[in-house]
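Notes for the structure review
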Amino acid sequence: MAVLNTQRTEGTTLFRNADVPQCRILGPGKGKQLICCLRNLLTGMVMIVCCSGTPPADSLETVYRQLKQKDDLEACANFLFDQLDADPGLAVNREDFLKKALWRAPRSKEEKLACFQFFINTGWHLLTQRQVPASIAWYERAYAFYEQHKQDPGLRPDMDFEEFIAKPLGNNYTRVGDFSKAIYIQRRAIAEAVAAHRHAIIPGLYLNLATTYFRMHDEAALRSTIALGLQSVKSGSPNDALPLYNLKAESFIEAGNTDSAGIWNHRAMQLVRRLPGSSTAQQTTLLARARLLNLSGKHRQSFYYLREIEKNTAADNIELRVETAIETGNAYLLLHQPDSAFSWHQKALHYFRLNEQGLFPDFKVTTALFGVATSLLYKKPLEAAQWFEKAVLNDYYTEQLLPASLNSNTAVYANKRYSETAIALYHQLFDQYQDPEYLVKALWLTELSKGRVLLNEQRRTAFWKQDALLSHNKKWVDQLRSLYVLLAETPEGNYRQQIRQNIRRLEFELNLKERQSIALPSYSIFKKWVQTAALKKTIISYYLGDSYAYTVHIQKDHFRHRLDTNTRARVQALNGFMQAYFYTGPAAFNRDPHAYYARSSELLHTWNPWLSGTGGTVLISPDGALHNLPFEALSTAKEKPSYWGATTAIGYSFTFLQNAFSSAGSNTPRPVTVFSFEKPHLGFPALPQSAKERAFLAGQFLTRQYPAEQTTDSAFMAALNAGNIIHLASHAVANTIEGQPYLVLKDKLYLGALQYITTRSPLVVLAACETGSGVLLQGEGMQSLGRILLSKGVDGVLSSRWEVDDAASGALLRNFYQALSADPDPVTALKSARAAYLEEHRSVAAQNPLFWAAYFYQGNGASLRIRQKSTSSIPLSLLLITTAIATATLFFWRKKWL
């Protein structure tokens with residue numbers, strides 16, 4: 001870890017790194033140093049005079065006011081710098097004051113340099129107190145300052161981008177799991193250091209980048225980056241090689257390859273014996289040795305190294321102290337000494353300033369919370385459950401600080417194994433005590449563990465609407481949309497890598513402009529939603545863990561659950577069923593419909609064993625491969641076509657947190673904006689049914705009509721913000737070679753280009769193929785066109801799982817709109833549409849679910865009304881015509897007689 005310390009020597013500010021030679025901030029010229037020394041001496045004298053006789057408690061603001069009155073910005077920045085060194089707690093306790101301390105922009109070189117150093121020092125002191133998000137904000141402030149002044153040849157060398165911005169900021173991003181930004185700034189630092197021939201710093205920069213890849217579990221990138229780092233190490237420089245050896249060993253430990261880890265740790269230990277002192281890298285080597293001993297069952301031997309680390313680690317090296325405390329706690333757990341394990345994990349937590357809920361947005365806190373919970377698991381399971389809940393919530397809290405985008409990499413679901421333990425414990429408590437509260441808590445933790453990126457993006461989009469961020473940065477946003485199109489249409493190679501890098505750069509700059517607070521979801525509100533929703537609907541939630549598949553089923557006062565150990569076989573059966581009947585055409589069904597009824601019924605009873613107690617409306621929160629399964633297409637009986645979706649309204653949600661914390665909808669009738677694809681375009685044929693859909697909607701409802709093949713991206717995005725229901729009857733392509741699904745309008749509208757939009761539509765009907773299909777992401781469901789629209793503020797989306805039949809699709813959707821005009825619930829309307837279709841098509845072949853079960857509803861279930869087409873215009877027109885004829889007749893009659 002790059003450790004930034006500060007000290008003042010002979011009027012010159014020095015920044016020193018624990019493992020890197022000291023670098024002077026000021027230039028090498030003696031005259032320049034003499035002028036600065038005199039200036040700092042004069043500043044010191046001013047401060048002595050100002051502080052003379054001032055009580056310590058009042059000295060900070062008293063001196064600040066006096067310096068501000070004199071408009072001496074340089075002296076103020078230097079004064080605050082020194083105060084932080086004298087009392088680092090000011091960085092936390094008085095951060096709001098420090099944020100506003102600089103009353104104007106710096107003008108002279110000296111003022112600019114003093115302000116820059118003040119930003120860096122504040123970020124450093126916040127980091128030493130483990131206030132990582134706040135530290136990031138100050139380093140980002142220093143970055144913005146650098147970007148503003150980097151063209152100034154007199155300032156750029158003194159600001160030292162690679163050492164004092166890129167290293168700490170990149171490491172901070174890695175600490176919180178914001179890997180995309182970490183990679184961007186770390187790669188940039190390496191490129192600039194190589195260009196400047198700064199060979200001494202390059203191994204450390206490669207180490208930082210490799211650490212990011214290690215946290216991302218990107219093994220290939222990690223290996224290549226460590227190799228580049230070792231190549232950059234000069235012969236006879238063990239200080240540079242040691243951290244890379246340690247990371248190599250740590251990567252093998254994480255992979256479970258203890259033999260290779262032992263080899264690299266042995267090499268590191270040999271270097272440690274040659275080095276004097278006690279650096280962070282040396283202590284990290286001992287920590288790796290302790291971990292290896294714990295993994296090999298030699299727990300008591302590990303304590304020798306852990307005590308050595310505890311004894312020799314600097315007091316301000318909080319990260320290493322936290323890791324040592326956690327590893328010590330783990331060792332005691334392995335020795336079956338839970339009381340000692342509890343104490344050490346609690347010690348790790350004491351290094352952080354937890355909020356009133358006992359949370360702090362840091363993954364180390366999450367790990368320590370899980371450690372405390374595990375130490376209580378067997379003796380005090382009820383207390384352990386509370387700690388597990390807190391750990392899952394802290395995991396959620398930490399990840400919600402990260403920007404979500406199509407191109408980003410974050411530490412989402414890094415604690416999936418621990419989350420499953422927490423969920424399993426609440427299921428066990430429900431079995432033991434038969435208290436529904438425990439099953440609701442299991443549901444709460446399950447839903448907290450799903451759809452995190454989606455919720456983050458929904459919150460981010462809501463912030464964009466309030467802050468007008470997109471309109472204020474239109475140039476960047478337009479560039480990002482264009483780059484995502486290029487990314488989709490460019491084959492893999494150097495140019496595509498360059499496009500990705502440009503996307504990272506623009507997203508990095510845009511992210512810096514986003515400032516938003518995080519509101520944690522409330523369990524009490526979630527519980528109230530469950531109680532209210534279960535009165536009228538059945539709630540079914542799934543979680544596919546590594547050990548079990550967990551199902552929660554709640555209907556009125558009936559609380560049921562199931563733990564299934566045969567998860568892998570169940571998922572294989574599901575995938576085989578989908579491949580046979582929905583991804584390869586109608587042949588399998590037509591050959592033997594009864595085989596379909598039997599297999600689908602078996603699947604339905606497997607995933608919903610309480611089928612007889614499930615009716616009316618069902619809300620399903622799937623997980624993993626269950627996002628592929630059309631529950632409505634499954635038969636309730638093995639011997640006949642008794643489709644569940646014909647009698648039951650079924651809606652889907654990525655996480656029930658969507659439903660619990662969303663609005664109830666609006667009673668205001670909405671027009672329908674229709675985009676129909678009626679002419680061949682871009683190699684795609686016309687869709688005859690789209691013209692029929694347009695005509696039907698125009699005859700029934702107030703509509704706005706546009707030819708899809710003539711609609712620009714900007715026009716479509718504007719329609720999404722008009723607040724109308726959107727009906728898109730066009731082509732769509734999923735699972736493309738480029739990795740981005742797209743809609744066919746005047747141009748191809750790729751998923752990436754939809755990242756930077758907002759929407760206000762209550763419902764989008766994607767009457768096209770595979771709009772609900774895409775890449776299946778862990779905990780997130782399908783990365784589909786439908787999902788991206790939900791992330792941008794749409795309440796609900798009707799999309800398709802596979803390629804739809806044009807005629808069947810048209811009939812089903814017409815039935816849907818007719819039902820929706822009578823019932824404002826889109827889930828119920830879709831059920832009515834399915835039932836009507838099956839009633840109209842009685843042959844076995846026509847009732848193949850491939851034709852009618854493709855469309856499904858995802859969203860928060862908000863009700864909506866369609867604005868009916870006014871019928872008063874026809875009588876009014878007749879009245880006007882009659883009046884006109886009568887008036888003309890009277891006119892000619894009078895003229896004749898006159």
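Overview of the structure. These numbers come from a predicted model, not from an experiment. (Residues numbered from 1 in each chain as written. Predicted model: local features only at pLDDT ≥ 70, side-chain atom pairs only at ≥ 80, totals over all residues. Heavy atoms only, no water.)

**A look at the packing of aromatic side chains**
Between two aromatic rings, the relevant description is the distance of the centres plus the angle of the planes. Counted under the stated rule, the structure contains 48 aromatic pairs. Ring centres 5.5 Å apart and planes at 80 degrees place the aromatic pair phenylalanine 118 and tryptophan 138 in the edge-to-face group. With phenylalanine 118 in helix H6 (residues 109-128) and tryptophan 138 in helix H7 (residues 132-149), the pair connects residues that are 20 residues apart, well separated along the chain. Comparing phenylalanine 118 with tryptophan 138 shows no difference in burial state: the two are buried. Centre to centre, the rings of tyrosine 184 and phenylalanine 508 are 4.9 Å apart; their planes meet at 40 degrees, and the pair counts as tilted. One end of the pair, tyrosine 184, is in helix H10 (residues 179-195); the other, phenylalanine 508, is in helix H26 (residues 494-512), with 324 residues separating them in the sequence. The exposure class assigned to tyrosine 184 is buried, which follows from its relative accessible area of 5%. Residue phenylalanine 508 is classed as buried on the basis of its relative accessible area, which comes to 1%. (Phe/Tyr/Trp six-rings, centres within 6.5 Å; stacked < 30°, edge-to-face > 60°. Helix = DSSP H or I, 4+ residues; strand = E, 2+ residues; numbered from the N terminus. Buried < 20%, exposed > 50% of the residue type's maximum accessible area, 1.4 Å probe, protein only.)

**Brief notes about the sheet that holds strand S11 (residues 725-729)**
As summarised here, the arrangement of the 11 strands in space is S6-S5-S4-S7-S8-S19-S18-S15-S11-S9-S10, forming an open sheet in which the pairing is mixed. Each edge of the sheet is formed by a strand with only one pairing partner; in this case those strands are strand S6 (558-564) and strand S10 (703-707). When strand polarity is set aside, the average angle formed by the axes of neighbouring strands in this sheet is 20 degrees. Relative to strand S19 (residues 855-859), strand S8 (residues 649-652) is paired through two bridges, and the arrangement is parallel. Bridge assignment links tyrosine 652 to a residue of S19, and that residue is glutamine 858. (Pairing = 2+ DSSP bridges. Axes fitted to C-alpha atoms, helices over the stretch in contact; angles between N-to-C directions.)

**Quick word on the side chain of serine 690**
Tracing the chain through its elements places serine 690 in helix H33 (residues 688-700). Polar side-chain contacts of serine 690 include one of 2.6 Å to the backbone oxygen of leucine 687. When near neighbours in sequence (up to four residues on either side) are disregarded, serine 690 contacts Ser676, Phe677, Glu678 and Ala729. (Polar contact = N/O pair within 3.5 Å; in protein donor to acceptor, adjacent residues only side chain to side chain. Contact = heavy atoms within 4.5 Å.)

**Describing the packing of H6 against H7**
Packing of H6 against H7 leaves a shortest axis separation of 7 Å and a crossing angle of 160 degrees. Considering their axes alone, H6 and H7 lie roughly antiparallel with respect to each other. Relative to H7, the crossing made by H6 is left-handed. Contacts between H6 and H7 involve Lys112, Phe116, Phe118, Phe119, Ile120, Thr122, Gly123, Trp124, Leu126 and Leu127 on the former and, on the latter, Val132, Ala134, Ser135, Trp138, Tyr139, Arg141, Ala142, Phe145 and His149. (Parallel < 35°, antiparallel > 145°, perpendicular 65-115°, else oblique. Left-handed = near helix turned anticlockwise from the far one by under 90°.)

Treat this as a map of the structure, not an account of what it does.
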